[in-house]
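Given next are the chains, with one letter for each unit.
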Amino acid sequence: NKIDDENTSYSTNVGLKYSVNYNLDLTLSLGYSFRSPSLEERFQYIDQGSYVRLGNPNLNSELGRSVDLGLRYYSGNVKIISSLFFNYFSDLVVEKPGTFEGRAAYIKTNVGEARLYGFDLSADYNVYSDYVVYAAASYVKGDDVSTGGNLPQIAPLNGNLGVRFDLFNQLNADFSSTLFAAQKDVAAGELTTPGYATFNITLGTKSFYLSSMNLKVYAGVENLLDKNYRNHLSTTRGSLTIEPGRNFFVKLMAGI
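Residues numbered from 1 in each chain as written. Predicted model: local features only at pLDDT ≥ 70, side-chain atom pairs only at ≥ 80, totals over all residues. Heavy atoms only, no water.

### Thoughts on the pairing of strand β7 (residues 103–128)
The sheet contact formed by strand β4 (residues 52–54) and β7 spans three bridges and is parallel. Bridge pairing in β7 links leucine 54 to isoleucine 107. Note: strand β6 (residues 78–100) against β7, 22 bridges, orientation antiparallel. Considered in β7, the bridge of threonine 99 is made with alanine 104. Taking the residues between adjacent antiparallel strands as the criterion, β6 and β7 are bridged by two residues, where glutamate 101 takes a positive phi near 50 degrees. Between β7 and strand β8 (residues 131–144), which follow one another and run antiparallel, lie two residues, and serine 129 among them has a positive phi close to 55 degrees. (Pairing = 2+ DSSP bridges. Helix = DSSP H or I, 4+ residues; strand = E, 2+ residues; numbered from the N terminus.)

Set out below in structure tokens:
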């Protein structure tokens, strides 16, 4: 069937930055947004084998209001960037479990009213010489205000912790861990996910030139201990729910 839909969009954003002193800044951002659902969200049909993912041509446009309060601290050895955010949406587009022609399905749906709130935090600390310890964390909570439940497909509390330093004055070394908490605040019909941690090693060369090209080479191992885990946001592999195991990689970066 032919479907015609017309949307007019506009958005506004106001930001404020206040320098408390030479090292510390505070930021405030207020926003209003409008988003028309994409063609994929309206007309998607993907058969994943064990279930299908469906668009919805009758989706309404999303309206959003946001507040973001940030803190930035810089000193000779320390860098901290953080923010607290709150977003309120009308007609938020989400994927909800359902059925289609007798099969399990994830269907694009408008949530009447919803809110997303949480924080982002990143920090670097230059411990000694070129040794830098870094960490990051992020958390978001999604509430379906209309039904009083949880929004689907929301990542749990997660972050990373690592150390990077120069090796033999020729290489950059990076040892890190990726950490995810368990996700138990799920929508109806959505599976909970246990927490997990993976470990990674990366070695990279300093910049060097080949003719006029500026090159860097990286090599490393992801998921060093071959951890068996499931990513809460993975929905695209059908009956395969476990993430890839140990991964070796080599990368080349080139610039002029």
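### Observations concerning a nonpolar patch on the surface
Taken together, the side chains of Val14, Leu16, Leu28, Leu30, Val67, Leu69, Leu84 and Phe86 make up a nonpolar region of the molecular surface, amounting to roughly 720 Å² of accessible area. Of all elements in the fold, only β1 (12–19), β2 (24–35), β5 (62–74) and β6 reach the threshold of two or more residues within the nonpolar patch. Tracing the backbone shows leucine 16 in strand β1. Accessibility expressed as a relative area gives 56% for leucine 16, which makes it exposed. (Patch = residues over 30% accessible without salt bridge, like charges linked within 9 Å, V, L, I, M, F, W, Y side chains within 5 Å. Areas by Shrake-Rupley, 256 points an atom, 1.4 Å probe, with all protein chains shown as cover. Salt bridge = Lys/Arg side-chain N within 4 Å of Asp/Glu carboxyl O. Buried < 20%, exposed > 50% of the residue type's maximum accessible area, 1.4 Å probe, protein only.)

### Things to note about unusual backbone geometry
The phi angle at serine 129 is positive, at roughly 55 degrees, despite the residue not being glycine. Overall, the relative accessible area of 54% leaves serine 129 in the exposed class. A positive phi angle, close to 55 degrees, is found at aspartate 226, a residue other than glycine. Within the secondary structure, aspartate 226 sits in the loop between β14 (213–222) and β15 (247–255). For aspartate 226, a relative accessible area of 41% puts it in the partly exposed group.

### Quick look at the environment of threonine 202
Position of threonine 202 relative to the elements: it lies in strand β12 (residues 196–205). Expressed as a C-alpha distance, the spacing of threonine 202 and tyrosine 218, which sit 16 residues apart in the sequence, is 6.9 Å. If near-sequence neighbours (up to four positions away) are discounted, threonine 202 is found in contact with Asn172, Ala173, Asp174, Tyr218, Ala219, Gly220 and Phe249. (Contact = heavy atoms within 4.5 Å.)

### A short note on the pattern of salt bridges
Where charged atoms of side chains with opposite charge meet at close range, the side chains can pair. By the definition in use, this model includes 12 salt bridges. Among the ionic pairs, glutamate 62 bridges to arginine 35, the shortest N-O distance being 3.1 Å. You can see glutamate 62 sitting in strand β5 and its partner arginine 35 sitting in strand β2, a full 27 residues away along the chain. Judged by relative accessible area, glutamate 62 falls into the buried class, the value being 8%.

As far as function goes, none of this settles anything; it's purely spatial.
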